Amino acid sequence: MNLHIDTPLLASTAMGARAGQAIWLKMDALQPSGSFKLRGIGHACVTYARRGARRFISSSGGNAGIAAAYCGRRLGVPVLVVVPETASSRARELIAREGAEIRVHGASFQEANAHALSLLGEHDAFIHPFDDPLLWEGHASMIDETVRAGVRPDAVILSVGGGGLLCGAVAGLRRNGLAEVPVFAVETEGADSYAQSVAAGARIELPAITSIATSLGARRVSEAALALRGTHRVHPVVLPDADAVQAALRFMDDHRIVVEPACGVSLALAYRAGELLAGFSNVLVIVCGGVTATVPQLQAWGAATAQR
């Protein structure tokens, strides 16, 4: 049983492709919960429900919490989502709309996550936002769908927060005979825990998230995501908030879809089509989505970042 849907794969003529290069968009912003998170979290929730879970507990004030709440409603399993104090009113509203119980705890994700873990009972399943092999297995399905549609990418662009999408995409590439395909792992300045960890050769923890792209706001990436650097061609890329916001606004005009800056930062790299993408024929961009940003908010961010 899948709780996610197969999403469209579109060839974009709006992106800055070079002659002979195709930019393909995997439109996971169109998932019922609004982001790619539904693939992995849906797979995890179905698996845990089959194992006897009677309640799901999630620790996310963003897209993962919304996806967990959606899955619980579809499966008829109660959901408790622990959100930090920084969770936006829109995120809380979207979680509540799916019928989940919300509990606010702590000033950061780390505190909310620790509290969620402390609440686990014998028949509860913990739904982590990014660090669970079941999530990666579910996220890998986006590569399966791409290949079934007849596209075998020779480069992949995606956003990195905690690393769940990265782990899933690499798993999908490997199981489709595409283990040699490089992945461009894109972050915003101020949420670049992955790039800094790669540079340091060890996992670092950011003191705080200072980027607008709060959905990338894992102060420390998963061990599995960092370890991939040693077994797969993963290239960290860091761009400013302004690029992420402007790309999200441009994408809204070009493709009539609203995404968060956390997704916009990957789109920004695709719009640039610079030297990093030279030599690739089929570039796959994961349009990971996100539903906690609104059009007025994107416009306000765009005006604010333009003045910096």
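An unreviewed UniProt entry annotates the protein chain as L-serine ammonia-lyase of Massilia agilis. For the protein chain, the Cofactor (unreviewed entry) comment in UniProt is given as "pyridoxal 5'-phosphate". In its Sequence similarities (unreviewed entry) section, the UniProt entry covering the protein chain states "Belongs to the serine/threonine dehydratase family."

This part is about the sheet that holds strand β3 (residues 55–58). Strand order in the open sheet formed by 4 strands is β5-β4-β3-β6, with parallel pairing between adjacent strands. The outermost strands of the open sheet, each flanked by one partner alone, are β5 (101–104) and β6 (124–127). For this sheet, the mean angle separating the axes of adjacent strands, direction not counted, is 20°. As defined by bridge partners, β3 adjoins strand β4 (residues 79–83) across 3 bridges and the pair is classed as parallel. The residue of β4 that forms the bridge with S58 is V81. Set on the sheet, helix α1 (residues 37–50) makes contact with β3 and β6; between it and β6 the angle comes to about 165°.

Rules behind the numbers
All chains use their own residue numbering, which begins from 1 and follows the written sequence. Per-residue local features are limited, in this predicted model, to residues with pLDDT of at least 70; the limit for side-chain atom pairs, both in listing and counting, is 80 or more; totals at the level of whole chains, interfaces and linings are taken over all residues. With hydrogens and water excluded, all non-hydrogen atoms of the structure serve as input to the side-chain values. UniProt positions are given in the numbering used here, feature names are shortened, and annotations may be inferred rather than shown by experiment. Each pair of strands is called paired provided DSSP finds at least two bridges between the two strands. Each helix is a run of H or I in the DSSP string that is no shorter than four residues. Each strand is a run of E no shorter than two, and both are numbered from the N terminus. A fitted line through C-alpha atoms represents every axis, and for helices the fit uses only the stretch in contact; the resulting angles, taken between N-to-C directions, go from 0 to 180 degrees. Note on contacts: a residue pair qualifies if any of its non-hydrogen atoms lie within 4.5 Å across the two residues.

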